[in-house]
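The lines below spell out each chain.
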Amino acid sequence: MSQRYLSTRGSESGRSFEDVVMKGLASDGGLFIPEEIPSLPSSWESEWRDLSFAELAHRIMSLYISPSEIPSEDLKTIVEKSYSTFRHPERTPVAALDPKDNLYLLELFHGPTFAFKDVALQSLGNFFEYFLVRKNQGKTGKDRHHLTIVGATSGDTGSAAIYGLRGKKDVSVFILFPKGKVSPIQEAQMTSVLDANVHNLTVEGSFDDCQDIVKALFADPDINKTHNIGAINSINWARILAQITYYFYSYLSLTKSANYKAGTGVRVVVPSGNFGDILAGWFAKQMGLPISKLVVATNENDILDRFFRTNGHYTKKPLDAPTDAGVKETHSPAMDILVSSNFERLLWFFAFQTDKAATSDERRKHACESVSGWLSQLKTEGGFQVPAAIIEAAKAEFESERVSNQETIDIIRETYRNCIPTDLPAGSPRSSKTGGYILDPHTAVGIAASRRSIQRNPGDYHISLSTAHPAKFASAVDLALSKEDGYTFSEVLPEEFVGLEQRERRVTAVPHGAGWEGVREIVKAEVEQELEGRR
Ligand SMILES: *Cc1c(COP(=O)(O)O)cnc(C)c1O
């Protein structure tokens, strides 16, 4: 079968994997999705059981990328290269956090920037490189296809993108972040990368201001005439695809543990913001991975939780809120969002699956129409309501939990005091004195949600996703643990972070009031300079 992609809003279909990776967003503003969700080979569980992470990624990606586009051997090379940068031999090891409650932690922070986004962005960088090398064979100078990536970040995306793209040929990466508003470690991570193709820009304002500038650049005909602008945020399909692997990997790890009893439910809990991570889990489940429920865990920016609790109202602000309060700043900043961009993909599939039309072509057309309608309502009216059949379908596969700031801090402390696992993966954050496990605040949101889910479903296995290393979010961790016995922050700090803040930095400050046009001129000038330096 040759795998093709369409836009959730209907104006594009039959696209190749290369097209969707290089473009990021469809021309109608929709997101790319596979025309068919592949199902698993019947003997997957025995055949895949003992594969390495990279081998598993290769099997799964092969179901979504036609070999006529990327020959199997090339895909294998891309995948192996992408995960060779991870510190742990298992890449995403599973820790038995609290085996008596069947609670497991999937540690996704063993990549170069200590956050789960590395799993996706290491491979996205290698996909870009592969396609560019192929396009540019035998070409020189100005004939070479050059990609200019522009992204906004409040921390994690920017550092993972920079580490995924540093030093790659024919691609420049520009990361905009709000001055003084990303954590000191994250700022140091980004700006201490001195490769010529990496460009950090600080903006006076908020993360939203940065994002508005990026959106304006994507829509600007002038820069699009001269530059190929590309995206690295989680609207890029390759990121979702890469994340499917660890759902399989963690399930198979669990079934291999001595504690595992076949036939018991397996629930997976995911700290969520833009809905990219958990959407990958839903694809895994659709393919046939036996997950009994996916649990969405949000912080106080809870649009997803409200969707489930209000029977399908998806609204920027709570229905009873008098005014538009905007995004709340929480202890888990990588989940501070007003709307979850990837939710559009899930809604498309539910609209398609619940539609009554006779042919799949008609159902597809109807799903695109519904999604376009909802998204334009979101823009004009601030929200929309989905039909009953869709919320029912969603509730059959998902549950949700909202975790407050106070609970986030409390659960970091409780976990430190009560979870003293005996057998942890190398590099797991714990106190060397008490053995207490140290959660980052995003992971803590997931653990708080897991605890509630365990109360309702005692005996079921819970795999809770750990999305970042606590050293990246020092202030929240200190707030929770500074008075605890045996805790010192410096002990949690990985050696890679020691001295990071003193290293040489390169960053361009966007002048006050320069606006998006000012940023455009900076981008043009820095790309020009970078290419001059190469020639
Ligand atoms: C990005 C991020 C999340 C949220 O993931 P989504 O795919 O946006 O739902 C959670 N935790 C951390 C640490 C992150 O960086």
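Note that the structure is a prediction, hence the values are computed from the model and not measured.

1. Topic: the pairing of strand E4 (residues 103-107)
Successive residues of a regular strand alternate their side chains across the two faces of the sheet.
(1) Moving on: Across the five residues of E4, five count as buried, placing the element largely inside the fold.
(2) Moving on: Burial along E4 is two-sided: Leu 103, Leu 105 and Glu 107 facing one way and Tyr 104 and Leu 106 facing the other are all buried.
(3) Moving on: For strand E3 (residues 94-98) and E4, the ladder comprises three bridges, and the chain directions are antiparallel. The residue bridging Asp 98 from the neighbouring strand is Leu 103, located in E4.
(4) Moving on: Hairpin geometry of E3 and E4 is characterised by an intervening segment of four residues between the two adjacent antiparallel strands and by a positive phi of about 55° at Asn 102.
(5) Moving on: Bridging between E4 and strand E14 (residues 461-466) involves five bridges; their strand directions are parallel.

2. Topic: helix H7 (residues 184-191)
(1) Moving on: Burial within H7 is extensive, with six of its eight residues counted as buried.
(2) Moving on: Among the residues making up H7, those that are buried are Ile 185, Gln 186, Ala 188, Gln 189, Met 190 and Thr 191.
(3) Moving on: Contact partners of the buried residues in H7: helix H6 (156-165), strand E6 (171-178) and strand E7 (198-203).

3. Remarks on the UniProt feature "domain: Tryptophan synthase beta chain-like PALP" (unreviewed entry) in the chain
(1) Moving on: Mapped onto this numbering, the UniProt entry gives "domain: Tryptophan synthase beta chain-like PALP" (unreviewed entry) at residues 91-320.
(2) Moving on: Overall, residues 91-320 shows 41% helix and 21% strand. The separation of its end C-alpha atoms is 44 Å.

4. Re the sheet that holds E7
(1) Moving on: Spatially, E8-E5-E6-E7-E15 is the arrangement adopted by the five strands of the open sheet, whose pairing is parallel. On the outer flanks of this sheet lie strand E8 (228-230) and strand E15 (508-509), each paired with one strand and no other.
(2) Moving on: Bridging between strand E5 (residues 147-152) and E8 involves three bridges; their strand directions are parallel. Within E8, the position partnered with Leu 147 by the bridge is Asn 228.

5. Quick word on the UniProt feature "domain: Threonine synthase N-terminal" (unreviewed entry) in the chain
(1) Moving on: When the UniProt feature table is mapped onto this chain, "domain: Threonine synthase N-terminal" (unreviewed entry) is found at residues 4-83.
(2) Moving on: With 42% helix and 8% strand, residues 4-83 has end C-alpha atoms that lie 26 Å from one another.

6. Observations regarding helix H16 (residues 405-418)
(1) Moving on: Counted at 1.5 Å a residue, the expected span for H16 with its 14 residues is 20 Å, and the 20 Å between its end C-alpha atoms agrees.
(2) Moving on: Taken together, the buried positions of H16 are Thr 408, Ile 409, Ile 411, Ile 412, Thr 415 and Tyr 416. Down the axis of H16, the buried side of the element spans an arc of 160°, and every buried residue falls inside it. Away from the buried face of H16 by more than 90 degrees, exposed residues Gln 406, Arg 417 and Asn 418 are located.
(3) Moving on: Along its buried surface, H16 packs onto E3, helix H17 (441-456) and helix H18 (474-481).

7. What to know about the environment of Leu 439
(1) Moving on: The residue Leu 439 is located in the loop between H16 and H17 in this model.
(2) Moving on: By relative accessible area, which is 0% here, Leu 439 ends up buried.
(3) Moving on: Sequence separation between Leu 439 and Ile 411 is 28 residues; the distance between their C-alpha atoms is 8.6 Å.
(4) Moving on: Among all residues touching Leu 439, those that are not within four sequence positions of it are Leu 105, Ile 411, Ile 412, Thr 415, Ala 444, Ile 447, Pro 470 and Val 477.

8. Considerations on the pattern of salt bridges
(1) Moving on: Using the criterion set out here, one finds 36 salt bridges in the structure.
(2) Moving on: We note a salt bridge from Asp 222 to Lys 524, for which the minimum N-O separation is 2.8 Å. One end of the pair, Asp 222, is in helix H9 (residues 221-226); the other, Lys 524, is in helix H20 (residues 515-534), with 302 residues separating them in the sequence.
(3) Moving on: The class for Asp 222 is partly exposed, based on a relative accessible area of 32%.

9. A closer look at the side chain of Thr 8
(1) Moving on: Inspection of the secondary structure puts Thr 8 in the loop between strand E1 (5-7) and helix H1 (17-23).
(2) Moving on: In terms of polar contacts, Thr 8 uses its side chain to reach the side chain of Glu 344, at 2.7 Å.
(3) Moving on: Excluding residues within four positions of it along the chain, Thr 8 makes contact with Gly 30, Leu 31, Ile 33, Glu 344, Arg 345, Trp 348, Ala 367, Cys 368 and Val 371.

Cut-offs and rules
- Residues numbered from 1 in each chain as written.
- Predicted model: local features only at pLDDT ≥ 70, side-chain atom pairs only at ≥ 80, totals over all residues.
- Heavy atoms only, no water.
- Buried < 20%, exposed > 50% of the residue type's maximum accessible area, 1.4 Å probe, protein only.
- Helix = DSSP H or I, 4+ residues; strand = E, 2+ residues; numbered from the N terminus.
- Pairing = 2+ DSSP bridges.
- Contact = heavy atoms within 4.5 Å.
- UniProt positions renumbered as here; feature names shortened; annotations may be inferred.
- Expected span 1.5 Å × (residues − 1).
- Arc of directions from axis to C-beta.
- Salt bridge = Lys/Arg side-chain N within 4 Å of Asp/Glu carboxyl O.
- Polar contact = N/O pair within 3.5 Å; in protein donor to acceptor, adjacent residues only side chain to side chain.

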